[in-house]
Amino acid sequence: MLAVLLFCGSAQAAAPSANAQNPPNVAFYYQDDLPIDELQAFDIVVVDPTQVALPKADLAPHTAWFARLDLHAQAGTKSAGEIVSQLVTPLWNKGYRGLLLDDGSTLGEATAKSDQWLQQVMQAIHTEYPQIRLMLRNHLELAQVRAQDLYASVVDSLYYQPRGSGSFLAMVPDSLRASVLQQVKTLQASTGLPVVAIDYCAVNDKQCRRQTASQLISDGVIPFVTAPGMATVGIGRIEVMPRKILLVQVVGAGQPLDETVGVHSIAMPLNYLGYDIQYANINGRLPSGITNDRYAGIVVSVDRAVRNSGVWSQWLLARIREGTRVAVFGQFGFPIDTQTARTLSLEVVPGTAPVGSAPQVVGKSSMMGFEVMPNADIRDAVGIRVDSSGKSLLRLKANQYIYDAAGLTPWGGFSLNPYSVFSLGALGQDRWAIQPIQFLQQALALPMMPVPDVTTENGRRLLFTHVDGDGFASRGEFSGSTGKYSGEILYDQIFTRYKIPMQLSVIEGEMGAAGMYPKLAPILEPIARKMFALPNVEIASHTFSHPFNLEQIDEQTGKRMAGKPNPEWGGDDAFSLDIPHYEFDVNREIKGTIDYINQRLAPPGKSVLSVFWPGDAAAPKIALRRAAQAGVLNINGGDTVITKSKNSWTNIAPYGVAKGNEPDEYQVYASIMNENVYTDDWQGPFYGFDRVLETFEMTNKPIRFKAIDIYYHFYSGTKTASLKALHTIFDDVLKQAVFPIFTTEYIKKVLDWRSVAIAREGNRWIVRSGQNLRELRWSGAGVPDLSSASNVSGYLPGPGGLYIHMGGDQASFTIVPAQTKSVPYIAEASGFVRQFERTDKGMQFEFGGYYKPFMKLNDALGCKVSIDGKSAVATGKTGALQLNVSGNAAKPVAYHLVKVNCE
């Protein structure tokens, strides 16, 4: 088989230069389910263009995509010129700047005739496209002759060779491998040409992939070990860390995904650990292709009846047999007989549970009883124990009946009712009975890795604020506000007083001529125009009619569901604002109101950037897709409301929720909930929103789970108590170590977070994070070695670990016990760092921010600093310097060139 690489167009990243001293990381993937997030960790990825389209450049800006060209049927039937005009040119026009020419040869099969034809093809390609680079596969003699025309040579199956149409692998004879490796060494010695070796292991055999890749490195080649069919994110010199979790749960009929235990409680610990979640319904269609190259594991949550326990058990046990790690919460969802127990490394407890007896704890891990320790009830007992290969986390005994309610096993672990999420029925609250982060880490055997972080940048906790449009037509109710509408009051009291980035929204049906109060439109619209014109304000829509129950939107039509509404939703009149002659339509709610705001309210140069979901904020897929099609971002929902009286991690929401498997079907949650939930649904006390400061504190220490989000409604401007609460919150927060950003910038960080690629090369970490996310969190010991790091601007210890600052959208580094060399670095900064570069004598970068931007430099005593070419006066001691620059809460960011010289 033969490979040729062609690139250099603007449609994708250019391939790195290739030589034996600077070899690229190369991957091969030939199926139609292209895992771009994981493959972007490689410098070059060869794909089959008959299966996939060339990925958009912004999805993997540092990866060059090359097209595989299957020439197996072309040899002897087409001339070299026909190959170029009929096959190469169309790929070039599509934007491919790399080709893998594959003539189907295996090692030892190449003939002089095939070499001659391929040489003619290569020459014809170079004549038509002089910029082409070629990789030649399994034609080592031709590679020796035409090395000057090649980017790299490729060999296939040095250790394992696929046989037949299935996944059977045959061992390659030692003699053949030795012969090929000798040819490879001769080629490398005489030409310096890099050699890539593709090899194979079974789909889920990660250990085989690691061992084979390590052996190939020892053999002196660039490895890529995949599975037959090229459908695996293989291992080369780098191993990509899978960052997806499949969370399988039982979703009730008509139950919004947002209200499930998996989303409400289990997702947050997984997000914190760095994992994005795909959801599946046990009572629905269970997914295929759950392999350990892209999934870190499966989490199961069963809190209600499973309709077909047989199908479910077969599916789950098959994944366990394949080697996928599993963590079970609540129930297994199927009966466990002796055979099933054996598969699960469990023992069936003989006899029956003694009804009426009170179980006693006879063994308990420290992770049990985290927020509550429920009393054992024999009716919850499942008659199982972990066998000698596992570890009990909670062992109970009722008479002589001894069973485990929680345990770790070779395949993962379980925490059964009531020892997972426990309901305090009388209080209407939940509590974790097990420490979920520790349990998930151990059950899923999650590796220590740098975690992409959306709460922080440059060591400072992120702060953003956004306002829902509710109450824009309401008037002030306190002395001095007579006749003023809420928007006017907030304009004077908040929007212009606190000069930090904000995003504000309106409800068209509340203020526009087509809404409830058409006579007020001439009064309210000028207020909106005035506030939207502020430089520190971004514009958002809060829909047309503000539907209160988004789950009533029909996924197919975008209309309101027909039939009797769920009693929990309220009556017909509770669906949305009562706008005369309006029949609900999701397109009117989203695109229609965006057009209204852009045409009537937005000043020149500004437009709607986001939609803020209204009501219960349980946006269905159709609404998410419509927002994306309208070109706007989305946010709201999540219900993060942890306080001293609701002190449970179950009250901290995840970053968002995937309502489907497409990128446009992801809803970003508000980081912290709004004043409505702190004021008893706006029934009072109206000063209650100041309790959000408890939430800010409890989502920051001892672990920083969330960015600060000052999220409220326009009606908070109508009362003395609520307005005072806003002042209290803003004044308090701006005294903290924060970095104010726009809401859209936070949303983009969350979206980038989902696709960050993290790879390991020995003890070195490689991270590719996207344009918006620039912070990592390391929870282990040590610090990055800045003397050998690439694009690491600094670090700062903080809640939950060490915060590592990225100087660009990709970085690489090793963790060392302590700095081996004194290198100046950014300890913290309340602004953006861009174009970061380390120099022989220090570093330089662009720096800017919205609100009092400053930076602290460590290990910089004696260094000279200039800002925009002028010497800067820095204050500090013991090696630390503090520098301030001018900032303005408006876009675009005003950047300053900072140079640090430490001769």
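Residues numbered from 1 in each chain as written. Predicted model: local features only at pLDDT ≥ 70, side-chain atom pairs only at ≥ 80, totals over all residues. Heavy atoms only, no water.

Another aspect to go through is the pairing of strand β2 (residues 44-47). Successive residues of a regular strand alternate their side chains across the two faces of the sheet. Burial along β2 is two-sided: the residues Ile44 and Val46 and Val45 and Val47 are all buried. The sheet contact formed by β2 and strand β3 (residues 64-70) spans four bridges and is parallel. Looking across to β3, one finds that Val47 is bridged to Ala67. (Buried < 20%, exposed > 50% of the residue type's maximum accessible area, 1.4 Å probe, protein only. Helix = DSSP H or I, 4+ residues; strand = E, 2+ residues; numbered from the N terminus. Pairing = 2+ DSSP bridges.)

Tallied over the entire structure, the rule returns two disulfides. There is a disulfide in this structure between Cys201 and Cys208, and the S-S distance comes to 2.0 Å. Across the S-S bond linking Cys201 and Cys208, the dihedral sits near -70 degrees, which makes this disulfide left-handed. With respect to burial, Cys201 and Cys208 carry one shared label: buried. The residue that forms a disulfide with Cys863 is Cys902, at a sulfur-sulfur distance of 1.9 Å. The chirality of the disulfide connecting Cys863 with Cys902 is right-handed, given an S-S dihedral of about 110 degrees. One end of the pair, Cys863, is in the loop between β45 (854-858) and β46 (864-867); the other, Cys902, is in the segment after β49 (896-901), with 39 residues separating them in the sequence. (Disulfide = S-S within 2.5 Å.)

Glancing now at the confidence of the model for the protein chain. Scored by pLDDT, the protein chain has a mean of 93; 96% of the residues are at 70 or more. Counted against residues more than four places away or in other chains, residues 1-10, with its pLDDT under 50, gives 67 contacts. With pLDDT under 50 throughout, residues 567-572 is counted as low confidence; its partners more than four residues away or in other chains account for eight contacts. (pLDDT = per-residue confidence, 0-100. Contact = heavy atoms within 4.5 Å.)

With that out of the way, let us pick up the nonpolar core. Counting 82 residues, the largest nonpolar core has Phe28, Leu39, Phe42, Trp65, Met135, Val155 and Leu158 as the members making the most contacts within it. Sequence-distant contacts of Val155, defined by excluding residues within four places in its chain, comprise Leu107, Asn138, Leu140, Val180, Val184, Val195, Val196, Ala197 and Ile198. Counting 73 residues, the second largest nonpolar core, distinct from the first, contains Val299, Ala381, Val783 and Val823. (Core = buried A, V, L, I, M, F, W, Y, C linked by side-chain atoms within 4.5 Å.)

So, on to empty space enclosed by the protein. Tallying each qualifying case throughout the model produces seven cavities of 30 Å³ or more. Roughly 70 Å³ of volume is contained in the largest cavity. Asp37, Glu38, Val240, Met241, Pro242, Arg243, Lys244, Asp276, Arg754, Ser755, Val756 and Ala757 are the residues that line the largest cavity. The residue makeup of the lining of the largest cavity, split by class, is five nonpolar, one polar and six charged. (1 Å grid on protein atoms, 1.4 Å probe; cavity = no way out; pocket = protein on both sides within 12 Å on 5 of 7 lines; lining within 4 Å. Points joined across faces, edges and corners; volume = space filled by probe spheres on them. Nonpolar A, V, L, I, M, F, W, Y, C, P; charged D, E, K, R; others polar.)

What follows deals with the sheet that holds strand β39 (residues 792-798). Pairing within the open sheet is antiparallel, and its four strands lie in the order β24-β37-β40-β39. Where the open sheet ends on each side, the last strands, each with one partner, are β24 (451-452) and β39.

Attention now goes to the sheet that holds strand β6 (residues 150-156). One open sheet holds the eight strands; their spatial order is β1-β2-β3-β4-β5-β6-β9-β10, and the pairing between them is parallel. Strands with a single pairing partner mark the edges of an open sheet, and in this sheet they are β1 (26-29) and β10 (222-226). Neighbour to neighbour, the strand axes of the sheet diverge by 25 degrees on average, direction disregarded. Note: β3 against strand β4 (residues 99-102), four bridges, orientation parallel. If you follow Arg68 over to β4, its bridge partner there is Leu100. This element, helix α6 (residues 206-218), spans β9 (195-200) and β10 of the sheet and lies at about 160 degrees to β10. (Axes fitted to C-alpha atoms, helices over the stretch in contact; angles between N-to-C directions.)

Taking 1.5 Å as the rise per residue, helix α5 (residues 174-191) with 18 residues should run 26 Å; its terminal C-alpha atoms sit 25 Å apart, in good agreement. Taken as a whole, α5 has its buried residues at Arg177, Val180, Leu181, Val184 and Leu187. Along the axis of α5, the buried residues cluster in a sector spanning 120 degrees; they form a single face. Facing away from the buried side of α5, by more than 90 degrees, are the exposed residues Ser175 and Ala189. (Expected span 1.5 Å × (residues − 1). Arc of directions from axis to C-beta.)

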